[in-house]
Amino acid sequence: FVRGELIGIALSRAPDRGRFVPLFEGDGALGGDALGLLKRWLEDPTAPKVAHDVRDQRSLLLKYGIALDGVVGDTQLASFLIDPEKLIPHPLEQVARGYLHRSLAMEKTILGSGKKQKRFRDVKLADLAPWACHLAAAVQEMWPKLEARLEEEGQTKNLRALSLPMSELLSRMQRDGIRADADVLTKLGEEFETRKAEVERRIYELAGKEFNIASTKQLAEVLFEDLGLPVIKRTKTGYSTAADVLERLAQEHEICQLILRQRALAKLINTYTRVLFEAIEPETGRIHCTMQQTIGVSGRLITTDPDLQRTPIRTDDGKRIREAFIPRDGWVLISADWSQIELRVLAHFSQDPLLLESFTENVDIHRRTASQLFEVPPEEVNAFQRNVGKTVNFATIYGQGATALGQQLGIPRKEAKGYIDRYFERYAKVRAWLDRTIADAHVSGYVETLLGRRRYIPQLSSNNFTDRAYGERIAANTPIQGSAADLCKIAMLEIDRRFREEELEAVMMLQIHDELLFECPPAELDAVKAIVKDRMEHSTELTVPLVVDIGHGASWAEAKE
């Protein structure tokens, strides 16, 4: 949408016909008359339109000064709402195959592939027009089928009131992007490279030779054959060198600690500093990631190209990476983060009295759970015990069993099972709600969020115990995580509405898990923070209060402090 070009627009009013309006001329200019005529129609709210992935199309049109309006349907969003997991990420070709029972001509049909791949501007109009019309006609033909299915599944309201408005907001967020300091990222990358090289030199010293640390085979040979460390886990191809194995062996030999450190530094370089630096758009000095509604099956928004949601939070190095994200000159960044939103949703659903009391009275829920598990007064809970309480609280949401919890806490399975059993003794209504939710899902085949969005779970009918258990974990988690996603989207739309009503310059830039990020001029700071906090805490009322931590600063890291 930043580097994209508007080559032309394909339209269709009947399944067997379409029209293509070419807008690209030989000198690289857009055809002014055609674009002017199309602009009036595209921006007309009374002219109904249906598209596939309207968010991306809005983003591209915004680049040319066109604010698309009158969109009544999106075949990608509709397919996702009907069955989010079935056709991920719901591309046009797959949706057409599912609803029209035929294959569409792929993009490579006219662009080719590999070294001979063309750009759209280089494709002959005689080839481009029929292909584009072919796709537009497929969208036109699919829409009535999808519209009927939306009604059958009770998802029409979710499309109109949530998904379509979100696509419009996300298109503007994509266009605006977030500013990143290339110099900070470059210096961090160089520092991480230096630290990584030092760690690797020490690894080679301990191993007595140089080898490819990234090679599982070579690493396993060093650890288990040359150094004789105990084998913790085997794979089909040999010895496991996964992170959990190295963590268990870290007390046996220093090399395992160093390999974990080397991997962490490599990830910081390859996943963050290098990727983020390369993603900065030269024209704007900002990163314009893509914001997807149809990838996260729970309904969570997902960022791609790059995935800014993976920016590390808890480590000092992660904080330093966030220092590279800054506002435009003279403005400030605002970070607003829901406190334990998923546990609050769990309290709302389960109506467990201990959970309700904890959140209503603003008690530290992790300390209280630890107090229940270890049978000590809350004021006597130590750091280790609180961490156990926190881990067990979230294990409930994600349906973790004793084995997984034990591995996460580094304790025997039997001890982990004891924690889980005591948790459900103290929070009996949570257990009852989980059992009821899973039982209902076995009958209906799906679960629902607060807004009635459905997720079908085919694994529940599997004859395989492992698959069925996985389906039950999905059944327990999706209403919680999916409802949190619903609450987030409602709040985002409400905040955006208030910004427009009050004619503020402030813009919403990112949604990262339970956090929203904004930038605004200093004169608007108090007003923006008040709106954001109010709408995040009160756009949807639960049995327990929603609480938001909000801060501002000259960088993302500073705003989070």
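Below is a short write-up of the structure.

What counts as what
Along every chain, residues carry numbers that run from 1 in the direction the sequence is written. Note on the predicted model: pLDDT of at least 70 is required for a residue's local features to be given, and 80 or more for side-chain atom pairs to be given and counted; whole-chain, interface and lining totals, by contrast, use all residues. In computing side-chain properties, one takes all heavy atoms of the structure into account and sets aside hydrogens as well as water. Ring pairs shown here join Phe, Tyr and Trp side chains whose ring centres sit within 6.5 Å, with only the six-membered ring taken for Trp; geometry is labelled stacked below 30 degrees between planes, edge-to-face above 60, and tilted in between. Starting at the N terminus, helices and strands are each numbered in turn, a helix being any DSSP run of H or I of at least four residues and a strand any DSSP run of E of at least two. Two limits define a charge over a ring: the Lys NZ or Arg CZ must be within 6 Å of the ring centre, and within 35 degrees of the ring normal. Each reported salt bridge corresponds to a side-chain nitrogen of Lys or Arg within 4 Å of a carboxyl oxygen of Asp or Glu. Being paired, for any two strands, means DSSP has found at least two bridges between them.

1. Considerations on the packing of aromatic side chains
Then, number 1: Tallying each qualifying case throughout the model produces ten aromatic pairs.
Then, number 2: With 5.4 Å between their ring centres and 5 degrees between their planes, Phe349 and Trp433 make a pair best called stacked. Taken as a pair, Phe349 in helix 13 (residues 341-350) and Trp433 in helix 19 (residues 428-444) lie far apart in primary sequence, 84 residues in all.
Then, number 3: Following the ring pairs from residue to residue traces out a cluster consisting of Tyr423, Phe424 and Tyr427.
Then, number 4: The residue whose ring lies beneath Lys49 is Trp41, and the NZ or CZ to ring-centre distance is 5.1 Å.
Then, number 5: Against the face of Trp331 rests Arg328, its NZ or CZ located 4.1 Å from the ring centre.

2. Some details on the pattern of salt bridges
Then, number 1: Under the criterion given, the structure shown has 51 salt bridges.
Then, number 2: One salt bridge connects Arg172 with Glu168, and the closest N-O pair in it is separated by 2.9 Å. Of this pair, Arg172 and Glu168 both sit in helix 7 (residues 156-176), four residues apart, roughly one helical turn.
Then, number 3: Arg500 serves as the salt-bridge partner of Asp496, at 3.4 Å between the closest nitrogen and oxygen. Placement of the pair is Asp496 and Arg500 together in helix 20 (residues 465-501), with a separation of four residues, close to one helical turn.

3. So, the sheet that holds strand 8 (residues 280-281)
Then, number 1: Read across the open sheet, the four strands follow the order 8-9-5-12; overall the sheet is antiparallel. Of all the strands in the sheet, the pair left with one neighbour each is strand 8 and strand 12 (325-326).
Then, number 2: Here strand 5 (residues 178-180) runs beside strand 12; their pairing, made up of two bridges, is antiparallel. Each bridged residue has a counterpart across the sheet, and for Arg179 the counterpart in strand 12 is Ile326.

These figures come from the coordinates and say nothing about function on their own.
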